[in-house]
Amino acid sequence: MPAARDPKRLYTAAERTALFLAADGCCTMCGAELQPGWHADHEVPWSKGGRTDIFNGQAACPSCNLKKGSNGVKLRKWQEDGLRKFLGTQNDFLAVATPGAGKTTFAILAAKSMIDRSEITNVFVIVPTAHLRGQWARAAAREGIQLDSEFVNRSQEKASDFDGIVATYQSVAANPLLWRKLACNPRRPSLVIFDEIHHAGEAEHLAWGTALSEAFSNAHRRLSLSGTPFRSDGKPIPFLNYGPDRRVVPDINYDYGMALQDQEVVRPVAFPAMDGEARWRFASEHPMSQKLSEADASTIAAALKTALDPGGQWIPSVLSRAHEELNLMRQDKPDCGGLVVATDQASAHAYAEILRQQTGDDVKVAVSDDPAASKIIDDYARGDTRWIVAVQMVSEGVDIPRLGVIVYATRVRTEMFFRQVVGRCVRKQGDEDEMCARVFIPSIAQLLTIAAGIERTVDAVLADEESKVRREMAEDESDPRMLPRTTEVLGSSAAAHAFTINSGEAFEEAELLHARRLGQQAGLPVGTEPSAIARLLRLSGGSAQPGAAPEPPVQQTRSERKKELRELIARKVGRLSRLTRKPHSHIHAELNRECQERKIDQATLATLEKRLLILDKWLQSA
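Every value quoted in this text rests on a predicted model; they were computed, and no experiment measured them.

A. Summary view of the overall build of the protein chain. Across its full length, the protein chain holds 21 helices and 20 strands. A buried classification covers 53% of the 622 residues belonging to the protein chain. For the protein chain, the proportion of contacts with a sequence separation of at least 24, taken over those separated by at least 6, is 71%. For the protein chain, the exposed surface amounts to about 28,200 Å²; the carbon and sulfur share of it is 50%.

B. Expanded view of the sheet that holds strand β7 (residues 190-194). On the basis of which strands lie adjacent, the open sheet formed by seven strands has the order β5-β6-β4-β7-β8-β3-β9 and parallel pairing. For this open sheet the edge positions go to β5 (147-148) and β9 (252-254), each flanked by a neighbour on one side alone. For strand β3 (residues 93-97) and strand β8 (residues 221-226), the ladder comprises four bridges, and the chain directions are parallel. By the bridge assignment, A95 is partnered in β8 with L225. The sheet strands contacting helix α4 (residues 103-116) are β3, β4 (122-127), β7 and β8, and the helix crosses β8 at an angle near 170°.

C. Inspection of the nonpolar core at higher detail. Formed by 74 residues in total, the largest nonpolar core has its most connected members in F271, F418 and I441. F271 has contacts with F418, V422, V439, I441, A451, I454, F499, T500 and I501, leaving out every residue within four places of it along the chain. Ranked by size, the runner-up nonpolar core spans 34 residues in total, among them L83, L109, A111 and V127.

D. Seen up close, the packing of helix α19 (residues 558-580) against helix α21 (residues 605-621). Their axes nearest at 10 Å, the elements α19 and α21 cross at an angle of 20°. In terms of their interaxial angle, α19 and α21 are classed as roughly parallel. Considering the relative orientation of α19 and α21, their crossing is left-handed. Residue-level inspection shows R561, K562, L565, R566, L568, I569, K572, V573, R575, L576 and L579 of α19 in contact with α21, the latter providing L605, L608, E609, R611, L612, L615, D616, W618 and L619. Its residues assigned to classes, the contact of α19 with α21 shows 12 nonpolar, no polar and eight charged.

E. The state of the cysteines, seen in detail. Under the counting rule described, the total for this entry stands at zero disulfides. For C26, which is in no disulfide, the shortest distance to another cysteine sulfur is to C27 and amounts to 8.6 Å. We classify C26 as partly exposed; its relative accessible area is 27%.

F. A look at unusual backbone geometry. Even without being glycine, F239 reaches a positive phi, approximately 75°. Mapped onto the elements of the fold, F239 is located in the loop between β8 and β9. For F239, a relative accessible area of 15% translates into the label buried. With a phi close to 65°, R581 is a non-glycine residue in the positive phi region.

G. Spatial organisation of the pattern of salt bridges. If you walk through the whole model with that rule in mind, you get 19 salt bridges. For the salt bridge of R222 with D92, the shortest nitrogen-to-oxygen distance reads 2.7 Å. Separated by 130 residues along the polypeptide, R222 in strand β8 and D92 in the loop between α3 (77-87) and β3 bring together distant segments of the chain. The class for D92 is partly exposed, based on a relative accessible area of 24%. Shared partners join several salt bridges into a network, and the residues in it are K77, E80, D81 and R84.

Cut-offs used in this document
Residues numbered from 1 in each chain as written. Predicted model: local features only at pLDDT ≥ 70, side-chain atom pairs only at ≥ 80, totals over all residues. Heavy atoms only, no water. Helix = DSSP H or I, 4+ residues; strand = E, 2+ residues; numbered from the N terminus. Buried < 20%, exposed > 50% of the residue type's maximum accessible area, 1.4 Å probe, protein only. Contact = heavy atoms within 4.5 Å. Areas by Shrake-Rupley, 256 points an atom, 1.4 Å probe, with all protein chains shown as cover. Pairing = 2+ DSSP bridges. Axes fitted to C-alpha atoms, helices over the stretch in contact; angles between N-to-C directions. Core = buried A, V, L, I, M, F, W, Y, C linked by side-chain atoms within 4.5 Å. Parallel < 35°, antiparallel > 145°, perpendicular 65-115°, else oblique. Left-handed = near helix turned anticlockwise from the far one by under 90°. Nonpolar A, V, L, I, M, F, W, Y, C, P; charged D, E, K, R; others polar. Disulfide = S-S within 2.5 Å. Salt bridge = Lys/Arg side-chain N within 4 Å of Asp/Glu carboxyl O.

These figures come from the coordinates and say nothing about function on their own.
The structure is reproduced here in structure tokens:
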């Protein structure tokens, strides 16, 4: 049973003076001279029953006190730097940090520091989803800050035994004047924390930005958080600073690329790219068939919708492959889990049923319409079952550190959403966590480009593009923004593993199988990501290719040689299309002009070889 807390939380001015004099004006932990804003610290933490009196008090500089924490929190460098900057200014503050870096801890310790300095008496946390309310309240309670996660607008007033409230952006938008009354009382100054503030800039939530401005413009301090760097080309989000290019300027930035270099916060991630053939027809037209890797701007939406249809062969085969990988990873990490991100609720339930039939496991589904969804996610996070399927409830903010495998089975193709999903599986579980996460993706150009650059240090993602594509992905397919014509799904082939992207490099199946065999021979854990082994072999100058190079054919006819070159050209055109997002037909037309020929099937052997040289040059430039 926890110790009873002293009803008195803050030291009086007289007690602070006594602590300052007793310490001779120096920090009792590091000996540095105390500066304005020093902390009156509880030696036995108040949250653990420590008394608020001079016998349990000590003078401390903010850095030492925050490093100490009531639970022995060890701050990361970005958190220390960010807290120093935040506490050293009275301006609005934006912290951008990758999922798993500790944004919540950073914000709570900032609030704790301001409470200890008697600068504020209330904390208000505004979050995008109801599920996050309990998560924030539990995290704050560990530092002795009690937040009401059940508050509703009709309550009108905060109970006196709470230090603040966790509410949703939607609740604030419903009654901004109430929140202005709660958070802007000059006699009870407040810190307002906005979690994942970029949501207030999405087109469908622009009213949230107006409500935030009305509700909190007179609050004592405001701290905004985001896990995704972003930019607003629409109505600016209140309380943020913008550069001349309309990009949001963070006060502290710690993204995935930086965290990966530190090797303390996040895991590496590999992206198995799954190709396959999709078959569909537009109304009143002939059936069409195309590989996902060959889809261009005019067909990508239809091809992806067809591949993700649960009645075809593609998605069941991807789920089966992902389950095999998860089972291998669980040999090293028995509670490792998998997540399937679906486009809509109907698909989510269908994918869960496919997994049940393939695995015999009880697969849970978390969708926003289900009142038990938050409990389902919490139970999964604390348990050891293999799979959970969700629509968007776990795309952002939800903490499930044991996730190691994700199947990206949604039609949303924006960089912001993709990074948010990937962020669910990159959080390391302690220093001994050497796992490489896997995110299975359709082999389409947009996602391949994002995956290849996921480790790059980024400073902007277009929020307007996020809103635009979300609208295009709307379930109402009669909307001309989605598809120009009604799409009839005919079927899809089983998925083929085209390659895996790791650290921006692509590794094909034969190379991965060879690398996995070498890893097993070397005694590496069976769940070791084979692309990581293959990459090390490349870096070391060794060969990751199986066996010796094959001998060339004894003799080829000219027809056979030209057919082989045309196939190679087609593969290179496909690769260039993925990199440049140009349709295949445009690239072939440019090649025809360069070689002064009308069609590739009329090309001579010499000009086919010239086409290859031109393509190699274009690929190098791309």
